[in-house]
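What the coordinates show
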Amino acid sequence: PDGARNGNARFFDLLHYGHETVALPFRSPHGRDALRGMLDAADVVIEASRPRALEQLGIDANDFVERGSVWVSITGYGQSAAGRDRVGFGDDVAIAAGLYAGSVDHPRFCGDAIADPIAGLWAAVGTLRALQRRSTGGCGQRIDISMVATARAARGSARRAERHARFVHGDWRIDDAPVAPPRARRGVGHAAPLGAHTDAVLREFGVRRWA
């Protein structure tokens, strides 16, 4: 299960309210068959697993790409031989990419796990382009998103001097430019329990449930 379920419940609800949740027993041949059935039926697959994890499940992304799927892998250091088995999270990957506040000797996290949303934006753009190509007669595509590479691209060729938001005469400003004040998003409901939609989703995908 997603480790975030054991963290701040309000934050998890904010991220996952309204999502369908499926739980499959990967140690069971029937569960792995159900997983492959869902992958067969999917137009787009987005995953964040190191290649070793998929290999242990008998999953080869290229098989599904050949059938026309758009397969998006988002990992810390990409699918290259050098970084394919390295673990990365939004904060430490950003530091590795040089996207941080403070100094080299005393770096501070820039934003909140900033490499996560940056990588997500790149993945979204790449996926939309791949679907557009497929709709005009193109084939499936595999998209490899490296969080460290996308964070480095967002940083640019060199770190710029930091600018700080200041509260001036009732408004937040960076230099002379007004910026929106910081505010917390409010959740609208609770995330569903783990696996709450397993049966319904398998039926929708036409996948037979294990006994």
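Keep in mind that what you see is a predicted model, and the values were worked out from it rather than measured.

Some points on the pattern of salt bridges
Applying the stated criterion across every chain yields a total of four salt bridges. Two residues, E55 and R84, come together in a salt bridge whose shortest N-O distance is 3.9 Å. Highlighted residues: E55 in helix α3 (residues 51-56) and R84 in the loop between β2 (70-75) and α5 (90-96), separated in sequence by 29 residues. Among the residues examined, R84 registers a relative accessible area of 27% and is labelled partly exposed.

What about the sheet that holds strand β1 (residues 44-47)?
If you walk across this open sheet you meet the three strands as β1-β2-β5, and the pairing is parallel. Looking at which strands have only one partner, the edges of the open sheet turn out to be β1 and β5 (141-146). Neighbour to neighbour, the strand axes of the sheet diverge by 10° on average, direction disregarded. Note that β2 and β5 share six bridges and pair parallel. Each bridged residue has a counterpart across the sheet, and for W71 the counterpart in β5 is R142.

What to know about the packing of helix α6 (residues 115-135) against helix α7 (residues 147-155)
For the pair α6 and α7, the least separation of the axes is 9 Å and the interaxial angle reads 95°. Considering their axes alone, α6 and α7 lie roughly perpendicular with respect to each other. The segment α6 lies against α7, with A115, D116, I118, A119 and W122 engaging M147, T150, A151, A153 and A154. When the residues that make up the contact of α6 with α7 are grouped by side-chain class, the tally is eight nonpolar, one polar and one charged.

Analysis parameters
Residues numbered from 1 in each chain as written. Predicted model: local features only at pLDDT ≥ 70, side-chain atom pairs only at ≥ 80, totals over all residues. Heavy atoms only, no water. Salt bridge = Lys/Arg side-chain N within 4 Å of Asp/Glu carboxyl O. Helix = DSSP H or I, 4+ residues; strand = E, 2+ residues; numbered from the N terminus. Buried < 20%, exposed > 50% of the residue type's maximum accessible area, 1.4 Å probe, protein only. Pairing = 2+ DSSP bridges. Axes fitted to C-alpha atoms, helices over the stretch in contact; angles between N-to-C directions. Parallel < 35°, antiparallel > 145°, perpendicular 65-115°, else oblique. Contact = heavy atoms within 4.5 Å. Nonpolar A, V, L, I, M, F, W, Y, C, P; charged D, E, K, R; others polar.

Without other data, these values stay purely geometric and don't point to any function.
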